[in-house]
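Here is how the chains run, residue by residue.
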Amino acid sequence: MEAYQWQFPHPFIHQIEVQEADIDGLGHANNACYVRWCEDTAWAHSHRVGVGLDQFHALDRAMAVRKADYDYRFAAYAGERLLIATWITDISAAQMTRYFQFVREADSTTILLAKWLLVCIEISSGKPKRLPVEFKAAYGNT
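Within any chain, residue numbers begin from 1 and follow the written order of that chain's sequence. In keeping with the model being predicted, local features are shown solely for residues with a pLDDT of at least 70 and side-chain atom pairs are shown and tallied solely at 80 or more, while totals for entire chains, interfaces and linings include all residues. Side-chain metrics in this entry use all non-hydrogen atoms of the structure; hydrogen atoms and water are not considered.

Draft legend 1. Seen up close, the sheet that holds strand E4 (residues 95-104). Each pair of strands is called paired provided DSSP finds at least two bridges between the two strands. Helix and strand assignments follow DSSP, with helices taken as H or I runs no shorter than four residues and strands as E runs no shorter than two, numbered in order from the N terminus. In space, the five strands of this open sheet follow the order E1-E3-E4-E5-E2, with antiparallel pairing throughout. Edge positions in the open sheet fall to strand E1 (12-17) and strand E2 (61-72), since each of these has one partner strand only. Averaged over neighbouring strand pairs, the angle between their axes works out to 25° when direction is ignored. Examined bridge by bridge, E1 and strand E3 (residues 81-89) share six bridges and lie antiparallel to one another. Looking at the pairing, Phe12 lines up with Thr86 of E3. Two residues form a contact once any of their heavy atoms are found within 4.5 Å. Axis definition: a line fit to C-alpha positions, over the contact stretch in the case of helices; interaxial angles, taken between N-to-C directions, run 0 to 180 degrees. Along the sheet, helix H1 (residues 31-48) makes contact with E1, E2, E3, E4 and strand E5 (109-122), crossing E4 at roughly 115°.

Draft legend 2. Seen up close, the state of the cysteines. Pairs of cysteine sulfur atoms within 2.5 Å are identified as disulfides in what follows. All told, the structure shown has zero disulfides when counted by the stated rule. Looking at the unpaired Cys38, the closest cysteine sulfur is the one in Cys33, lying at 11 Å. Classification of residues uses two cut-offs on accessible area relative to the type maximum, computed with a 1.4 Å probe and protein chains only: under 20% is buried, over 50% is exposed, and between them is partly exposed. Residue classification places Cys38 among the buried residues on the basis of a relative accessible area of 0%.

Draft legend 3. Layout of the nonpolar core. In this text, buried Ala, Val, Leu, Ile, Met, Phe, Trp, Tyr and Cys residues form a nonpolar core when linked through side-chain atoms within 4.5 Å. Residues Tyr34, Trp37, Leu82, Phe100 and Phe102 are the most contacted members of the largest nonpolar core, which totals 31 residues. Contributions of two or more residues to this core are made by H1, E2, E3, E4, E5 and helix H3 (133-139). Broken down by element, this core gets its largest block of residues, eight residues, from E5. Ignoring anything within four residues of it in the chain, the contact list for Phe102 reads Tyr34, Trp37, Cys38, Leu82, Leu83, Ile84, Thr109, Thr110, Ile111 and Leu112. Of all hydrophobic cores here, the second largest spans seven residues; its members include Tyr4, Trp6, Ala85 and Trp87.

The analysis is restricted to geometry; functional conclusions fall outside its scope.
Below you can see the structure in the form of structure tokens.
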């Protein structure tokens, strides 16, 4: 995986294959699929560092997307394998930034870059709260 030109060093990598069901009327992966793939990758990464739904509920805290930016560069087609890299950066008292980079495995082309601004919320109220030390410890090492 180190042969790719990653946006940041040491990415968490999630691999997917574009399915026929992902293809829209224009013959390529629908833009909404990229949003879902980002979410799937974020969850896979969170589970890898030991922060999943059980921990969220036990702490009454979660990370919610406050702002999302997607830079769609090239289309993806059925049967293509994509490497989806993600990183956490800029961890502060109540928020963090998560980046994504989608690379088409066949030709190493970056087809999408995305950035999420995440805010920590109290699940029971939906109000913004400080990041628990457990989140900082888990995500700070990624």
